[in-house]
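# Residue-level structural notes
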Amino acid sequence: MAKMIHAMIRVLDEARSVEFYNKAFGLDVADRITFPTFTLIYLSNIETGFELELTVNQGRSEPYALGEAYGHLAVSVEELREEHARMAALGLNPGNIVELNRDGKLFALLFFVTDPDGYKIEILQRHGRFQ
């Protein structure tokens, strides 16, 4: 059986991105591997074995165009409203909290935050399928 182990995004500024993901999600650098034309930075925390791989291409100075296909990354948290307040206090500009209901029941409680490169990250209250 296949096991998801990481997702990769390309970032322009390593330090800025590492700082954002640490502040926002408590992700720390698990590994950093430099190649002649690019660097791979693997971020993780104790909550999960899944990692976020940041790829920094050497010599790039222009932001990446995210295109129409990119959707978002998603993380779950125990207390969504507390997490929203924490991110707001850090100046991370979280979006409004959204409540999605289906058949009269809560399906999802969520908000989005955007990283320094424009990637959207969905933050979901741990509930139902979003554990």
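Each remark here, short or long, concerns the structure printed above.
Parameters and conventions
- Residues numbered from 1 in each chain as written.
- Predicted model: local features only at pLDDT ≥ 70, side-chain atom pairs only at ≥ 80, totals over all residues.
- Heavy atoms only, no water.
- Patch = residues over 30% accessible without salt bridge, like charges linked within 9 Å, V, L, I, M, F, W, Y side chains within 5 Å.
- Areas by Shrake-Rupley, 256 points an atom, 1.4 Å probe, with all protein chains shown as cover.
- Salt bridge = Lys/Arg side-chain N within 4 Å of Asp/Glu carboxyl O.
- Helix = DSSP H or I, 4+ residues; strand = E, 2+ residues; numbered from the N terminus.
- Pairing = 2+ DSSP bridges.
- Axes fitted to C-alpha atoms, helices over the stretch in contact; angles between N-to-C directions.
- Contact = heavy atoms within 4.5 Å.
- Buried < 20%, exposed > 50% of the residue type's maximum accessible area, 1.4 Å probe, protein only.

### Details of a nonpolar patch on the surface
The grouping of Val-98, Leu-100 and Phe-107 at the surface amounts to a nonpolar patch, some 230 Å² of accessible area in total. Inspection of the secondary structure puts Val-98 in strand β6 (residues 98-102).

### Here we look at the sheet that holds β6
With respect to topology, four strands assemble into an open sheet ordered β5-β8-β7-β6, the strand pairing being mixed. Sheet topology places β5 (73-77) and β6 at the edges, where each strand pairs with a single neighbour. Within the sheet, the average angular offset between the axes of one strand and its neighbour, ignoring direction, is 30 degrees. Two strands pair when backbone bridges link them, and strand β7 (residues 105-114) and strand β8 (residues 120-125) are joined in this way by five bridges, in the antiparallel orientation. Pairing of Phe-111 across the sheet is with Ile-123, part of β8. The strands that helix α1 (residues 14-25) touches are β5, β7 and β8; relative to β8, the one it contacts most, it runs at about 10 degrees. Helix α2 (residues 80-89) contacts β5, β7 and β8 of the sheet and is inclined by roughly 15 degrees relative to β7.

### Concerning the pattern of salt bridges
Scanning the entire structure with this criterion turns up seven salt bridges. With a closest N to O distance of 2.6 Å, Arg-86 and Glu-83 form a salt bridge. Placement of both Arg-86 and Glu-83 in helix α2 is noted, with a separation of three residues, approximately one turn of the helix. For Glu-83, a relative accessible area of 16% puts it in the buried group. Overlapping salt bridges, with partners in common, bring together Glu-47, Glu-78 and Arg-126 in one network.

Geometric descriptors of this kind do not, in isolation, establish any biological role.
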